[in-house]
Amino acid sequence: MQTLTAFVIFLLAVVVTSAGAVDTCDRIIQHGYPCERHNLTTSDGYRLTMFRIPHSHRGDLQHNVTDKPPVLFMHCVECSSDIWILVGPDSALPFMLADAGFDVWLGNARGNMYSEEHVTMERSSIAFWAFSLDELGTIDVPAKIDYILAKSKKKSLHFVGYSQGTTNFIAALSDKPEYNEKIRSSHLLGPVVFLCHVGGPFPVLASPLVGSDNPFAHMLGTLVGTVPLHELTALARSVALALCTRADFEEMCVGIMNIIAGWDSPYLNRSVIPELLSTFPAGCSFRQFVHYAQNVMSCDFRYFDFGLAGNMLKYGQAKPPSYNLSNVHPETPMELYFADNDNFVPARDIYHLYKIFGKRASWNRVKHTKYNHNDYAMAYNVKECLYDCILDKMQEYEGRPFKGDQCTCFKKNAF
C-alpha cells in the first residue's frame, strides 16, 4: 500500500509540475523586469520565439543611456532561453546587461518548447524534425540577427552563446561571412566546435553508433534522426522535476549532471535545479545529436552527413564539406571561455581551434580546475568568474566607463 501511495503521489507531482509551467517572460516579470515576446518566421517556415528585456526596472546604472546596444543570447542543446536567467536577478547576465543599459534578446532554437511551430508542418510529423545543427546556424541565427537589428534600428549587435549556441554562431559566420560586420562583440561560453577528444560516457558510447562513416550508422542516424520526440521530452522533464526536487534523489541527480558535463564540480548552484528542470530538457531534433556524433567521429567541423547518396544530392560530393572557418572574422576578436573539467570542450580541441583562429579570438581559460560545462550558466560564482568580465568588456567596447579588473578568473597563459 505504501508503494502504491508513493506512486500516486509521484504521478500527481508530474501532472502538477507540467500544469504549473511558466515561460521565460513569466520568470523575467517575476523579478520585476519588463519582458516582450517576439515571434519570427524563418525562410523555411519555422516560427521562432525570442524574449526581450528592453530595459531595467531598476533604472539604468548609467542614467543618461539613450542608445541601448542589442545583445543576442543563444542557449545550449536541449535548453531554452530559461537557462540564462536561472541564477536570478543579481547574478544572471541578461539582468546585469539590462541594468547597464543594453537591449537584451533571449533566443530559442527551432524545435525547443518555445519554438515548436511551422507555417505548414505539424510538430508530430517526421518532416518537422528533419533539421540538424546546420539549419540552426545557417538559417536561424542570421534570421534572429536581422530581426533584432530591424527592431532596434541598429547595424550590429553583441552575441553571447553557450555550448550549442557557440556552434550555431561559428556555423553562421562560416556559412554567411557577411554577418561578421553585424557583430559588435562575441562571447562564447564552452565553445563546441571540434569534438575529437570529447569525454563523458554518452558521447563516447553513442557517437560510434550514429556518427561513424559507414552505411549502418548512416541508416541508424537517418531512422532515429527525425523521430518526433517532443512528447517523450515533456515526460522526461516532468519525471526529472518530480524526482530531482526530492531530497533523497538530489545527490543522484547532481551526480548524473556531473557525469555528463565534467566530474565532481563543486560549483553547481543547487538551488537552481527545480527551475532548470521545469523546462529542461526543452526539446530538439535528434538529428542535432547525430550531427554532433558525426563531428566526434570525423574530428572535423562539418555539415551534416547524409550518407553517399544524400551527400551527392545535397552537396554534389561524396562527403559533407567542412565549414570554412577562415570566414569567421568579426571586427572585434571573439572572446572564448573554456575550462579544464569540461567534457564537451576538452582543452586539446580548444587548442585545435586556437591554431586556426589565433589572434581572431581571445582565449580565456578558467583557472578553477573542476569547472565543468554546466558551470558557465549555473555555478554559484558564475557572476564573479565570468559575467562581470563579459559585462565589463561590452562596456569597454561601447566606449562607456569600465573597470578593467573584472577578468580575474582566468589563467595568465591559456596554453
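Quantities reported herein were computed from a predicted structural model and do not represent experimental measurements.

J.: For this particular structure, what's the right way to read the overall build of the protein chain?
T.: On a plain count of helices and strands, the protein chain comes out with 15 helices and 9 strands. For 415 residues, the compact-globule estimate of 2.2 N^0.38 gives 22 Å, and the protein chain sits close to it at 21 Å. Projecting the C-alpha coordinates of the protein chain onto the three principal axes gives extents of approximately 60 × 60 × 45 Å. Once local pairs closer than 6 in sequence are excluded, the contacts in the protein chain between residues at least 24 apart make up 77%. Of the roughly 17400 Å² that the protein chain leaves accessible, carbon and sulfur atoms contribute 59%. Within the protein chain, one finds 36 positive and 42 negative side-chain charges whose respective centroids are separated by 4 Å.

J.: Would you explain the environment of Cys79 in this entry?
T.: Tracing the backbone through its elements, the reader meets Cys79 in the loop between β3 (70-74) and α3 (93-99). With a relative accessible area of 4%, Cys79 lands in the buried category. Once the C-alpha coordinates of Cys79 and Met113 are considered, the two residues, 34 residues apart in sequence, prove to be 9.1 Å apart.

J.: So what exactly am I meant to see when it comes to the state of the cysteines here?
T.: Think of a disulfide as a covalent bridge from one cysteine sulfur atom to another cysteine sulfur atom. Counted by the stated rule, this structure contains 6 disulfides. With a sulfur-sulfur separation of 2.0 Å, Cys25 is cross-linked through a disulfide to Cys35. Note on the Cys25 and Cys35 pair: the S-S dihedral is about -90°, so by sign convention the disulfide is left-handed. Separated by 10 residues along the polypeptide, Cys25 in helix α2 (residues 24-30) and Cys35 in the loop between α2 and β1 (36-41) bring together distant segments of the chain. Between the sulfur of Cys76 and that of Cys79 lies a disulfide, 2.0 Å long from S to S.

J.: Sorry if this is basic, but what is going on with the packing of helix α4 (residues 133-152) against helix α11 (residues 286-298) here?
T.: To characterise two packed helices, one gives the angle between the axes of the helices and the distance between these axes. In the contact formed by α4 and α11, the axes pass within 7 Å of each other and the chain directions differ by 100°. The pairing of α4 with α11 is recorded here as roughly perpendicular in orientation. Residue-level inspection shows Leu133, Asp134 and Leu136 of α4 in contact with α11, the latter providing Gln288, His291 and Tyr292. Of the residues belonging to the contact of α4 with α11, the class tally is 3 nonpolar, 2 polar and 1 charged.

J.: Got a minute to help me understand the packing of aromatic side chains in this structure?
T.: Here the distance between the centres and the angle between the planes together describe a pair of aromatic rings. Counted under the stated rule, the structure contains 26 aromatic pairs. Centre to centre, the rings of Phe73 and Trp84 are 4.9 Å apart; their planes meet at 65°, and the pair counts as edge-to-face. Residue Phe73 is found in strand β3, and its partner Trp84 is found in the loop between β3 and α3; the two are separated by 11 residues along the sequence. When its relative accessible area of 0% is taken as the criterion, Phe73 is described as buried. The lysine or arginine in question, Arg400, covers the ring of Phe102, its NZ or CZ lying 4.6 Å from the ring centre.

J.: How should the packing of helix α6 (residues 201-211) against α11 be read in this particular structure?
T.: Where α6 meets α11, the axes come as close as 8 Å, and the angle between the chain directions of the two elements is 95°. One finds that α6 runs roughly perpendicular with respect to α11. Of the residues in α11, those in contact with Ser207, Pro208, Val210 and Gly211 of α6 are Val290, Ala293, Gln294, Val296 and Met297. When grouped by side-chain class, the residues that make up the contact of α6 with α11 number 6 nonpolar, 3 polar and no charged.

J.: How should α4 be read in this particular structure?
T.: Every α-helical turn comprises 3.6 residues, leaving residues that sit three or four positions apart pointing alike. Across its 20 residues, α4 extends 27 Å between first and last C-alpha, which sits within 8% of the 28 Å expected from 1.5 Å per residue. The principal kink in α4, of about 30°, is found at Asp140, preceding the proline Pro142 by one to four residues. Where α4 starts, the residue carrying a side-chain oxygen 3.2 Å from the main-chain nitrogen of Asp134 turns out to be Ser132. Phi turns positive one or two residues past the end of α4, at Lys153, with a value near 60°.

J.: I would appreciate a short explanation of the pairing of strand β8 (residues 334-338) in the present structure.
T.: Consecutive side chains of a regular strand alternate in pointing toward one face of the sheet and then the other. The element β8 is extensively covered by neighbouring structure, given that 5 of its 5 residues are classed as buried. Judged by which residues are buried, β8 turns out to be covered on both faces: Met334, Leu336 and Phe338 on one side and Glu335 and Tyr337 on the other are all buried. Note: strand β7 (residues 183-189) against β8, 3 bridges, orientation parallel. Within the sheet, the bridge partner assigned to Leu188 lies in β8 and is Leu336. Two elements, β8 and strand β9 (residues 361-365), share 5 bridges in a ladder whose sense is parallel. Note that in β9 the partner of Glu335 across the bridge is Ser362. Once you follow β8 into helix α13 (residues 347-357) and on to β9, the crossover reads as right-handed.

J.: Looking at this model, I keep getting lost on unusual backbone geometry. Mind explaining?
T.: Here the amide bond leading from Phe280 into Pro281 is cis, since omega sits at 0°, within 30 degrees of zero. On the secondary structure map, Pro281 appears in the loop between α10 (273-278) and α11. Phi at Cys299 takes a positive value of approximately 55°, unusual for a residue other than glycine. When you line up the elements, Cys299 lands in the loop between α11 and α12 (307-315). By relative accessible area, Cys299 is classed as partly exposed at 31%.

J.: I keep staring at the side chain of Asp375 and nothing clicks. Help me out?
T.: With respect to the helices and strands, the residue Asp375 is situated in helix α14 (residues 375-378). Here Asp375 is buried and forms no salt bridge, its nearest opposite-charge partner Arg270 lying at an N-O distance of 10 Å. Dropping the residues within four chain positions of it, Asp375 is found in contact with Ser265, Tyr267, Leu268, Lys370 and Val382.

Quick notes on the rules
- Residues numbered from 1 in each chain as written.
- Predicted model: local features only at pLDDT ≥ 70, side-chain atom pairs only at ≥ 80, totals over all residues.
- Heavy atoms only, no water.
- Helix = DSSP H or I, 4+ residues; strand = E, 2+ residues; numbered from the N terminus.
- Rg over C-alpha atoms; globule rule 2.2 N^0.38 Å.
- Contact = heavy atoms within 4.5 Å.
- Areas by Shrake-Rupley, 256 points an atom, 1.4 Å probe, with all protein chains shown as cover.
- Lys, Arg positive; Asp, Glu negative; His and termini not counted.
- Charge placed at Lys NZ, Arg CZ, Asp CG, Glu CD.
- Buried < 20%, exposed > 50% of the residue type's maximum accessible area, 1.4 Å probe, protein only.
- Disulfide = S-S within 2.5 Å.
- Axes fitted to C-alpha atoms, helices over the stretch in contact; angles between N-to-C directions.
- Parallel < 35°, antiparallel > 145°, perpendicular 65-115°, else oblique.
- Nonpolar A, V, L, I, M, F, W, Y, C, P; charged D, E, K, R; others polar.
- Phe/Tyr/Trp six-rings, centres within 6.5 Å; stacked < 30°, edge-to-face > 60°.
- Lys NZ or Arg CZ within 6 Å of the ring centre and 35° of its normal.
- Expected span 1.5 Å × (residues − 1).
- Bend = angle between axes of the 7 residues up to and from the residue.
- Polar contact = N/O pair within 3.5 Å; in protein donor to acceptor, adjacent residues only side chain to side chain.
- Pairing = 2+ DSSP bridges.
- Right-handed = clockwise from strand over helix to strand, strands pointing away.
- Salt bridge = Lys/Arg side-chain N within 4 Å of Asp/Glu carboxyl O.

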